[in-house]
Amino acid sequence: MSSVDVELNTPQAEAVAHVNGPLLVFAGAGSGKTRVITYRVANLIARERIAPYRILAVTFTNKAAGEMKHRLTGLAGEDVVRDLWVGTFHATCARLLRRHGEAIGLTRNFLIYDTQDQKAVVTRVLRELDLDERRYPPRSVLYQIHKEKQEGRGPDEMSPESYVDDAVIKVFRRYEAHMREANAVDFEDLIGHMVRLLEREGEGDAIRRRFSHVLVDEFQDTNAMQYRLVRALVRDHNNICVVGDDDQSIYRWRGADVRNIRYFRRDFPGATVVKLEQNYRSTGNIVRAALGVIAPSPHREPKELWTQNDNGPPIEVMAAADERDEAAFVTGRVLDARKAGASLREIAVFYRVHAQSRVLEEALRIANLPYQIVGGTKFYERAEVKDALAYLRLLANPRSDVDLLRIINTPARGIGTTTVDRLVSFAGSRNQSIHEALEVIDEARDIAAAAQKRLAALRHLLERLRARVEIASPSDVFLEMIEQTGYREALRADNTAESDARLENLAELGGSIREYEASAAAAGEKASLDGFLESVSLQSDIDGLRDEPRVTLMTVHGAKGLEFEYVFLTGMEEDMFPYKSMDERGDEELEEERRLAYVALTRARRHLVLTHTQARQIFGKTRWGAPSRFLRDLPREAIVHKQTRGAKSVPQRFIDRPERPLAPAPWAAASRGGWGAPSAPPAPARPAPSQTPGQRYVDREFFQDDHGGESAPLRRGSRVRHQQFGEGEVRSVVHAAEPAVVAFFPGWGEKKILTRFLRPA
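Computed from a prediction, not measured in an experiment: that's the story for all the values here.

Enquirer: In this structure, what is going on with the overall build of the protein? I would like to understand it.
Expert: A tally of regular secondary structure across the protein gives 29 helices and 24 strands. For the protein, the proportion of its 761 residues judged to be buried stands at 55%. Long-range pairs, those at least 24 residues apart, make up 75% of the contacts in the protein with a sequence separation of at least 6.

What follows is the structure, given as structure tokens:
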């Protein structure tokens, strides 16, 4: 191991050489954590002669387990690694339960139900109990069951606080009975059953004696039951090594408890503590910036992240006019990086919520830059967006069987698979589209009367909405469709983090429809549902070759554990990052947002750009944003503030008063039916009224000019500005009923614009 010692700094070597007793390793971002873990295991085997099969290393992802095995193979050899216990919490518990599960009533061939299987069981139980699935959505009930199990509570330990909890307890109890009857477990059961087994005398003793040393990676992400499992495993010897970083605990929303790592020394008195504070990944400026953001956290374990790397270029804090200007700037910088020789694989664009990706995707597509969404789906390929578009396509073209079959029971309206199969057969026998078959559904003898009634109700609903297409705007049709079909209400009733994200994506789709309407108006054209659907089809075509390098787009949560040469962190405004109004969030939520920002910054190796906008249309509404509070924590010597050309010339004057309150969160308006609100606040009359502290107004008199038309002749190459699209360049002058041009606007692409909507830039 002498060669290994040379490759380790002093704290790393101390963690590797530790053998017996509890060890807590605080591993700062980029500090060589994986190296320490693998060398420690290799040291136990090579120097301390610990048998490989007596060492258990627990990770949080299969990827991390595979990486650990790969590195250990290089250090200790394939034969040794084959005998090691290396795997995720769930995989490890499943393996142990196969051997010991009979003690708690599980046979060796028990099944592990995935989320869809679990939801099917809950749905069956709801029907057995005659509980309305609309009032008690299966996904929401299952979420509650999982939450209780993560805290180690069964149905008998729950404390009902409402009639909803009473119903959940009943479902929970019968859900457990069904799982036992099926000899099946869910993911939480794998942990829970193992804990109960370990805490038993006899069988638990045998399992504990199997492992003499236990190592847990990413310990800050453990929940209550996982921590209880770890303590039970090492109860007899306390040879436990946990590695993690409380500064990178960002999964509170799925049960992770940062207190597990912070209070480790209380539960394991006399534990050795090692802090890995030297960062090997990032430049000096990035490390200082990250430390500046995380340092104000009041409860963190003190750590001084530092690096011997050079300072590197300063971090850019870029102010943009709006989300389109921001996307155009990011796209331009990506193009510059590629010209400078950077691989697109080394470039990542981060955002706080999935809905932010839409505008970024469109800008990259316009620039013909291939990209991939990691940890998510492309905007127009998300299930809820595709459902909404299927409804809209069906209103435009009733003969679209594909779209009708997609939404026929979405949201659930009691139209089952058997009914759908018989309907398709009925339509085929008459050589009709399915919609045409619905018009004579009473003639379908093999479809039950109750099912015929539900199908007829769907037909009438679609006909009512279709009648609105000719007289209402596309955005109004969209809003009416979301309401009248019950789609929005079904998501709200689901009441989960996933359904909240789906609602946000639908609101963002509504915003994209209003953007299309604005584009049509600027071009002197009438906005239509057909026109919008055509624009979406063109945007969502699959681009490029799948095997070429791609820019990575992802949420910050998805970026954990990754690193890139170039990182663009977008949307650094209050209410976007930190996310949601702080009036609605407690100290714990704010601190987790701070940790999330720290994780984002430390993903960058050399180039880091943070962007914020003066205005942002998100979730279908426009918000006027202040720069994120986290930007104020960046050390001045490590950053440089810049503005895009659009931000410098933006035709709006923001007038802030002291103690300006944060803008209301978008979902607050949505919950009051505010999706149909105008996309920008109304312009105040001139002169501006007196303002009270905390108020802001936007001066729009800048637009009241007559620079367009004949007074400002335009030609190819002329620079122009449009109120919505920003600054662009004229590509050609076109002949229409009134003067118009085709101009290219960064982030928007080419647009046909009437000249009366333009002014010289």
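Enquirer: Explanation requested: a positive patch on the surface in the structure shown.
Expert: Together, Lys-69, Arg-95, Arg-99 and Arg-108 give the surface a local cluster of positive charge. Structurally, Arg-108 can be placed in the loop between helix H6 (89–100) and strand S4 (111–112).

Enquirer: Even after reading the chapter, I still don't get unusual backbone geometry, so can you show me in this structure?
Expert: Most peptide bonds adopt trans geometry, and most residues besides glycine take a negative phi value. Cis geometry marks the peptide bond from Thr-410 to Pro-411; its omega dihedral reads 0 degrees. Tracing the backbone shows Pro-411 in the loop between helix H19 (401–407) and helix H20 (417–429). Phe-577 connects to Pro-578 through a cis peptide bond whose omega is 10 degrees. When you line up the elements, Pro-578 lands in the loop between strand S13 (564–569) and helix H27 (587–601). Of note, the phi angle at Asp-130 is positive, near 55 degrees, even though the residue is not glycine. Mapping Asp-130 onto the fold places it in the loop between helix H7 (115–128) and helix H8 (138–150). At Asp-575, a residue that is not glycine, the phi angle is positive and equals roughly 80 degrees. Residue position: Asp-575 is located in the loop between S13 and H27. Asp-575 gets classed as buried once you look at its relative accessible area, which sits at 2%.

Enquirer: Sorry, what's going on with the environment of Gly-620 here?
Expert: Positionally, Gly-620 belongs in the loop between strand S15 (615–618) and strand S16 (621–624). The buried category is assigned to Gly-620, whose relative accessible area is 0%. Separated by 115 residues in sequence, Gly-620 and Asn-505 place their C-alpha atoms 9.0 Å apart. Beyond its immediate sequence surroundings of up to four residues, Gly-620 is in contact with Ala-507, Glu-508, Gly-511 and Arg-514.

Enquirer: Would you explain the sheet that holds strand S12 (residues 551–555) in this entry?
Expert: If you walk across this open sheet you meet the seven strands as S11-S12-S10-S13-S14-S9-S17, and the pairing is parallel. Of all the strands in the sheet, the pair left with one neighbour each is strand S11 (371–374) and strand S17 (639–643). Each strand of the sheet is rotated relative to its neighbour by a mean of 20 degrees, with strand direction disregarded. Taken together, the five bridges between S13 and strand S14 (residues 604–613) define a ladder with parallel strand orientation. When the sheet's bridge partners are listed, Phe-568 is paired in S14 with Val-609. Seen against the sheet, helix H16 (residues 323–339) touches strand S9 (315–320), strand S10 (347–351), S12, S13, S14 and S17 and runs at an angle of roughly 160 degrees to S14. Its contacts with the sheet place helix H17 (residues 357–366) against S10, S11 and S12, and it is angled at close to 160 degrees to S11.

Enquirer: Before we go on, may I ask you to explain the pairing of S11 in this structure?
Expert: Look at any regular strand and the pattern is simple: side chains alternate between the two faces of the sheet. Side-chain alternation along S11 places Tyr-371 and Ile-373 on a buried face and Gln-372 and Val-374 on a face that remains uncovered. Both S11 and S12 contribute to a ladder of four bridges, which runs parallel. Residue Gln-372 lies in a different strand from S12, and its bridge partner there is Thr-552.

Enquirer: For this particular structure, what's the right way to read the packing of helix H23 (residues 474–484) against helix H25 (residues 497–522)?
Expert: The relative placement of two packed helices is expressed as an angle between their axes plus a distance between the axes. At their nearest, the axes of H23 and H25 sit 8 Å apart, and the two run at 160 degrees to each other. In terms of orientation, H23 lies roughly antiparallel with respect to H25. Residue-level contacts link Pro-474, Ser-475, Phe-478 and Ile-482 of H23 to Leu-506, Leu-509, Gly-510, Ile-513, Arg-514, Tyr-516 and Glu-517 of H25.

Enquirer: Would you take a moment to explain the packing of aromatic side chains for this structure?
Expert: Aromatic ring pairs: the centre-centre distance and the angle between the two ring planes describe each pair. What the rule picks out here adds up to twelve aromatic pairs. Arranged with centres 5.1 Å apart and planes meeting at 80 degrees, the rings of Trp-85 and Phe-211 form a pair that is edge-to-face. With a gap of 126 residues between them, Trp-85 in strand S3 (residues 85–88) and Phe-211 in the loop between helix H11 (203–210) and strand S6 (213–216) connect regions that are remote in the sequence. You can call Trp-85 buried: its relative accessible area is 4%. Taken together through their ring pairs, the aromatic side chains of Phe-219, Tyr-227, Phe-264 and Phe-268 make up a single cluster. Residue placement shows Arg-95 over the ring face of Trp-85; its charged tip is 3.6 Å from the ring centre. For the cation-ring pair, Arg-231 lies above Tyr-227, with the distance from its terminal atom to the ring centre recorded as 5.8 Å.

About the cut-offs
- Residues numbered from 1 in each chain as written.
- Predicted model: local features only at pLDDT ≥ 70, side-chain atom pairs only at ≥ 80, totals over all residues.
- Heavy atoms only, no water.
- Helix = DSSP H or I, 4+ residues; strand = E, 2+ residues; numbered from the N terminus.
- Buried < 20%, exposed > 50% of the residue type's maximum accessible area, 1.4 Å probe, protein only.
- Contact = heavy atoms within 4.5 Å.
- Patch = residues over 30% accessible without salt bridge, like charges linked within 9 Å, V, L, I, M, F, W, Y side chains within 5 Å.
- Areas by Shrake-Rupley, 256 points an atom, 1.4 Å probe, with all protein chains shown as cover.
- Salt bridge = Lys/Arg side-chain N within 4 Å of Asp/Glu carboxyl O.
- Lys, Arg positive; Asp, Glu negative; His and termini not counted.
- Charge placed at Lys NZ, Arg CZ, Asp CG, Glu CD.
- Pairing = 2+ DSSP bridges.
- Axes fitted to C-alpha atoms, helices over the stretch in contact; angles between N-to-C directions.
- Parallel < 35°, antiparallel > 145°, perpendicular 65-115°, else oblique.
- Phe/Tyr/Trp six-rings, centres within 6.5 Å; stacked < 30°, edge-to-face > 60°.
- Lys NZ or Arg CZ within 6 Å of the ring centre and 35° of its normal.

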